[in-house]
Structure formats: C-alpha cells, structure tokens
Amino acid sequence: MTIQNKRIIASVLFVLISTICVSQTPPPLPPPGPPVAPGLPIDGGVLCGVFVALLYGVKRIISQKN
C-alpha cells in the first residue's frame, strides 16, 4: 500500500468519524439547582476591596520609608 493510498484512507476515516460525532444528539439539560439563599451575594465587591486594601498598604509602606 502506497503512502498516497494510506492518506486517502485516513482522510475518509476522518470525515466519517467527524460526521458521526456531529450527528449525535446533545445530552438533556441538568435539572435546575436549589434556590439561592436570601441575603447579599459576595461578588466583585470583594475583589474591589482587596485591590483598594493593597493600594492602601503599598502607600503606607512607601510613606513610612520616607
């Protein structure tokens, strides 16, 4: 079997396997989770506070060195 024949067979197999993978149906969606507990969520405000605290700490360290 020549290299050209091997490449053709590999290309055909690749196309067939790709077609089979695409034609499968997606799995069903998972059930919804439990409701969120009441209260304030902890989101981006924590990251903002950490960033401000780091800036304040760096400023204090620099001002103490002077």
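The rules we used
- Residues numbered from 1 in each chain as written.
- Predicted model: local features only at pLDDT ≥ 70, side-chain atom pairs only at ≥ 80, totals over all residues.
- Heavy atoms only, no water.
- Helix = DSSP H or I, 4+ residues; strand = E, 2+ residues; numbered from the N terminus.
- Rg over C-alpha atoms; globule rule 2.2 N^0.38 Å.
- Buried < 20%, exposed > 50% of the residue type's maximum accessible area, 1.4 Å probe, protein only.
- Patch = residues over 30% accessible without salt bridge, like charges linked within 9 Å, V, L, I, M, F, W, Y side chains within 5 Å.
- Areas by Shrake-Rupley, 256 points an atom, 1.4 Å probe, with all protein chains shown as cover.
- Salt bridge = Lys/Arg side-chain N within 4 Å of Asp/Glu carboxyl O.

Caption draft 1: Spatial organisation of the overall build of the protein chain. Within the protein chain, the secondary structure is distributed over two helices and zero strands. For 66 residues, the compact-globule formula gives about 11 Å, and the C-alpha radius of gyration of the protein chain, at 29 Å, lies well above that figure. Projected onto its principal axes, the C-alpha coordinates of the protein chain cover approximately 80 × 45 × 10 Å. Buried positions account for 0% of the 66 residues belonging to the protein chain.

Caption draft 2: How the structure looks around a nonpolar patch on the surface. On the surface, Met1, Ile8, Ile9, Val12, Leu13, Leu16 and Ile17 cluster together into a nonpolar patch covering about 700 Å² of accessible area. As for its placement among the helices and strands, leucine 13 is situated in helix H1 (residues 3–23). Residue classification places leucine 13 among the partly exposed positions, given a relative accessible area of 47%.

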